[in-house]
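Each chain, letter by letter, is given below.
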Amino acid sequence: MPEHASAHAGPTSDALVRRDDQGSKIGMWLFLFTEILLFGGLFLLYASYRHRFPAAFHSGGKTLDVFIGGLNTVVLISSSLTVALSITALRRGAKRLCLGLLGFTIACAATFMVNKFIEWSAKFHHGLIPGSEHMAQLPHGEAVFYGLYFAMTGLHGVHVVIGASLITWVMLLIRRGKTTGENYVVLENVGLYWHIVDLVWIYLFPLFYLIS
Amino acid sequence: MDHATAGESRGFYEPRGKGGVASWIFSTDHKRIGLLYLSLITAMFGVALILGLIIRLKLMTPGNTLLSPQQYNALFTLHGVIMIFMVVIPSIPASFGNIFLPLHIGANDVSFPRLNNFSWWLYVIGSALAVASIFTGNGAPDTGWTFYVPFSERTSTNVSVAVIAVFILGFSSILTGLNFITTVHRLRTPGMTWRKLPLFVWSLYATGWIQVLATPILGITVLLIFAERVLHLGLFDASLGGDPLLYQHLFWIYSHPAVYIMILPAMGVISEIIPVFSRKPIFGYNMIAFSSLAIAFAGSLVWAHHMFTSGMSDAAVLVFSFLTFVVAIPSAIKVFNWLSTMYKGSISLDPPLLFALGFILMFSIGGLTGLVLGSAGTDIHVHDTYFVVAHFHYVIFGGTGLGMFAAAHYWLPKVFGRMYDHGKAAWSFWLILIGMNVLYFPMFVMGVQGMPRRYYDYLPQYAPLQMVSTWGSWILAAGLVLMFVNLWRGCRSGPPAGRNPWGGATLEWTLPAPLPAEAFHEDPPAPEPYDYKGVHPDA
């Protein structure tokens, strides 16, 4: 029997609105499961196609820039660290430090997206555009490799943008004093979301860039 | 235990705040949201029902009648898409679940009331898009509700809008499930242990997990259809090296568990109704609760039985066939427990019980014929025939549909505080039950004889049974109209139903009828949900 939620009634809550941080976090974790399964469908396709076209996935992986991919990995892992630090900072009352750390996280997200832009532009430059004549003429496995590459890194990129927007929003909440050292579950949940974005990339990076 | 605000209270639907439409469509009150869902689901049911009747009318006689082949394809697609994603998936959880899950556990609302309202809005937007896909673009989608590639990638009809609608509806379903799981974990009244949870709550809890864990797969699958159509990624396109069969795998990884999203809540309703009208504690509480979880788990591992004829290794066929038989066990556990509950009970055949018994009959027929489809040898013969259509409609319409109607007859008097006419309810039940069987049983026969599903025309040998089936659709429609009119008039102007018309022992029956805006001013004590000693019907 979990502790009943009414025990959490916060100072700002009225009779009907009860604050339940534990409940909020359960909700967020459930949502993270859905994110993992959303990507899970694509990972399933990856596994199946990799099994079918090992040579094409090998040569496809070689065309990706390990340096930019590695850099992006470092950037994202650092940003996860700063999000985690920002929560501790807020709990200790260091509001400015917390905002600074979150600002750094957003800068990391922007760096990541710029690198992605450079990578995708290079691919487009080589005629690797979904739906193009060039893609249609590639050996079958390679077309599928690049299709998966665009689908998975693209969906991940969308999540990076959503995560950065959420962090911007929580920064506004902190600045307005709605999210504080006593009431920081929103920041924690946004942080969890950012970690899942990070985690997905940690799987994408080796699968596309390194296994070849 | 007296939570009544006496007098002529109109309960939770009494105007409050500024009143008007905004106080409903932006409400975070789980009861209002439940009613919002119920009304929209009913409306969509009406639309898809009419589509179904038109399909049946077209099939009454062979030949090129009433509809063009293209119109026919669009009609069965829309009938399926609307019925599945807009009616049956949200049906019981989003309407009666929203209203009664919090009350069953002694809570005043779900864990995330604003998210609840948001999920309703997603439902509205998704439904609006789905309806828009009929009238915009190059004509209504004609792929069947399964959106199978490669056709769904190539057809010029408005599939793109339809799959985005399905994505949004899936999101709505996820949020409802997420909300329910959290609510059950966090908001149970003190003393309400897991073994005191009403079985309806158990079934919604199991359903919530399927919604959360399976629906994202549908999300990515329909997004990929969209991407294939717009960006031509080639992931399912054989001309680019993709594999259309993988689409079918992804689709059924969601869509088979989805049938348990549809049926589990109905089983929960039946588990509530049977003991109340038998005046006996539910038989095998633990096993019924456990079987809900077992169905949710095992049901997630059987998807490929939809693909026995699509091309799979014999080993895979064997495994999926075996697992399909395994799922039948927890379903059968429930049926046996319901029957054991009734054994030597003091049974009153009130309308909710009639519908519940109809559920057991229809679900048993549908479930047993499901085993014919689940065993690979017989499936080869009846795959993609009317046999599948009949099986599915027995389980989903005869099961979930009758479960929903049972819930309506059981709980609407509580929601509105007014009682419908019992005689008319019984009449409507018999019309619906007879109509369903006349409509769908001939399809079993035609299926065994080889009549393929989704065909525009048929050989003369099927003409007599097709005719009978269409007659059945009219009987069914008459019963449904009678039922809805009776419920509508009962809810608006029936005699007062009283606080506890059936003598239920779960917490919602301790509340006044109509339900008050705030149910519990303090945490209520947790009752024994199926102990009827000292609980009497008060009407």
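Everything numeric in this text was worked out from a predicted model, so none of it was measured.

Conventions and cut-offs
- Residues numbered from 1 in each chain as written.
- Chains lettered and ligands numbered in written order.
- Predicted model: local features only at pLDDT ≥ 70, side-chain atom pairs only at ≥ 80, totals over all residues.
- Helix = DSSP H or I, 4+ residues; strand = E, 2+ residues; numbered from the N terminus.
- Rg over C-alpha atoms; globule rule 2.2 N^0.38 Å.
- Buried ≥ 20, exposed ≤ 12 C-beta atoms within 10 Å, placed from the backbone.
- Contact = placed C-beta atoms within 7 Å.
- Nonpolar A, V, L, I, M, F, W, Y, C, P; charged D, E, K, R; others polar.
- pLDDT = per-residue confidence, 0-100.
- Axes fitted to C-alpha atoms, helices over the stretch in contact; angles between N-to-C directions.
- Parallel < 35°, antiparallel > 145°, perpendicular 65-115°, else oblique.
- Left-handed = near helix turned anticlockwise from the far one by under 90°.
- Core = buried A, V, L, I, M, F, W, Y, C linked by C-beta atoms within 7 Å.
- Expected span 1.5 Å × (residues − 1).

Section: the overall build of chain B
At step 1: Across its full length, chain B holds 16 helices and 0 strands.
At step 2: Its C-alpha atoms give chain B a radius of gyration of 23 Å, near enough to 24 Å, the size a compact globule of 539 residues would have.
At step 3: Seen through its C-alpha atoms, chain B measures out along the principal axes to roughly 70 × 45 × 45 Å.
At step 4: Sorting the 539 residues of chain B into buried and exposed places 58% on the buried side.
At step 5: Long-range pairs, those at least 24 residues apart, make up 84% of the contacts in chain B with a sequence separation of at least 6.

Here we look at the overall build of chain A
At step 1: The number of helices and strands found in chain A is 7 helices and 0 strands.
At step 2: Traced from its N-terminal end to its C-terminal end, chain A shows the element sequence α-α-α-α-α-α-α.
At step 3: In terms of principal-axis extent, the alpha carbons of chain A reach across some 65 × 40 × 25 Å.
At step 4: Evaluated residue by residue, chain A yields a buried proportion of 38% over its 212 residues.

Considerations on the environment of B:D29
At step 1: By secondary structure assignment, the location of B:D29 is in the loop between α1 (22-25) and α2 (30-59).
At step 2: Sequence-wise, B:D29 and B:A517 are 488 residues apart; in three dimensions their C-alpha atoms are separated by 8.1 Å.

A few points about the environment of A:A89
All names here are of chain A.
At step 1: Structurally, A89 is set in helix α3 (residues 66-91).
At step 2: In this structure A89 comes out as buried when scored by C-beta crowding, with 21 C-beta atoms within 10 Å.
At step 3: Spatially, the C-alpha atom of A89 lies 14 Å from that of V170, the residues being 81 residues apart in sequence.
At step 4: Residues within four places of A89 in sequence aside, it is in contact with A94, L97, C98 and L101.

Regarding the environment of B:A140
At step 1: Its location among the elements puts B:A140 in the loop between α5 (113-135) and α6 (151-154).
At step 2: Excluding residues within four positions of it along the chain, B:A140 makes contact with B:A74, B:T77, B:L78, B:S133, B:I134, B:T157 and B:N158.

Comments concerning unusual backbone geometry
All names here are of chain B.
At step 1: Geometrically, the link from V149 to P150 is a cis peptide bond, its omega value of -5 degrees lying close to zero.
At step 2: Locating P150 in the fold gives a position in the loop between α5 and α6.
At step 3: At F147, a residue that is not glycine, the phi angle is positive and equals roughly 50 degrees.
At step 4: Mapped onto the fold, F147 is located in the loop between α5 and α6.
At step 5: A positive phi is found at K344, a non-glycine position, where the angle reads about 60 degrees.
At step 6: Structurally, K344 is set in the loop between α11 (314-342) and α12 (351-374).

Focus: the interface of chain B and chain A
At step 1: With 32 residues of chain B in contact, the opposing surface of chain A contributes 34 residues.
At step 2: Elements with a contribution of two residues or more to the side of chain B that touches chain A: α7 (159-186), α8 (199-231) and α9 (244-278) of chain B.
At step 3: Residue classes in the side of chain B that touches chain A are distributed as 18 nonpolar, 11 polar and 3 charged.

A closer look at the confidence of the model for chain A
At step 1: Taken over all residues, the pLDDT of chain A has a mean of 89, while the share at 70 or more is 92%.
At step 2: Confidence over residues 1-16 of chain A falls short of pLDDT 50; this stretch has 23 contacts with residues more than four positions distant or in other chains.

A look at the packing of α9(B) against α11(B)
All names here are of chain B.
At step 1: Packing of α9 against α11 brings their axes to within 9 Å, and their N-to-C directions diverge by 15 degrees. The angle between the axes of α9 and α11 places the two elements in the roughly parallel class. Between α9 and α11 lies a crossing of left-handed hand. Contacts from M267, I270, I274, P275 and S278 of α9 reach α11 at K334, W338, T341 and M342.
At step 2: Residues of the contact of α9 with α11, tallied by class, amount to 6 nonpolar, 2 polar and 1 charged.

Overview of the nonpolar core
Side chains of a nonpolar character, in soluble globular proteins, are inclined to be buried together.
At step 1: Of all hydrophobic cores here, the largest spans 231 residues; its most connected members are A:L148, B:I270, B:I273 and B:A406.
At step 2: With 22 residues, the top contributor of residues to this core is α9(B).
At step 3: With near-sequence residues (within four places) excluded, B:I273 lies in contact with B:P352, B:L353, B:A356, B:A406 and B:Y410.

Some remarks on the confidence of the model for chain B
All names here are of chain B.
At step 1: When pLDDT is averaged along chain B, the result is 93; 98% of the residues meet or exceed 70.
At step 2: Confidence drops under a pLDDT of 50 for residues 1-7, and excluding neighbours within four residues, the segment shows 11 contacts in the predicted structure.
At step 3: Across the interfaces of the predicted complex, the ipTM metric reaches 0.91, alongside a pTM of 0.93.

Some details on α12(B)
At step 1: Taking 1.5 Å per residue, 24 residues should reach 34 Å; α12(B) reaches 34 Å between its end C-alpha atoms and fits that length.
At step 2: With 17 of its 24 residues buried, α12(B) lies for the most part within the structure.

Let's talk about the packing of helix α6 (residues 140-175) of chain A against helix α7 (residues 185-210) of chain A
All names here are of chain A.
At step 1: Where α6 meets α7, the axes come as close as 10 Å, and the angle between the chain directions of the two elements is 160 degrees. Taken together, the axis directions place α6 and α7 in an arrangement best described as roughly antiparallel. Seen from above, α6 lies across α7 with left-handed handedness. Two secondary-structure elements touch here, α6 through Y149, M152, T153, H156, H159, V160, G163, L166, I167, V170 and L173 and α7 through V186, L187, V190, Y193, W194, V197, V200, W201, L204 and F208.
At step 2: The residue inventory of the contact of α6 with α7, partitioned by class, reads 17 nonpolar, 4 polar and no charged.

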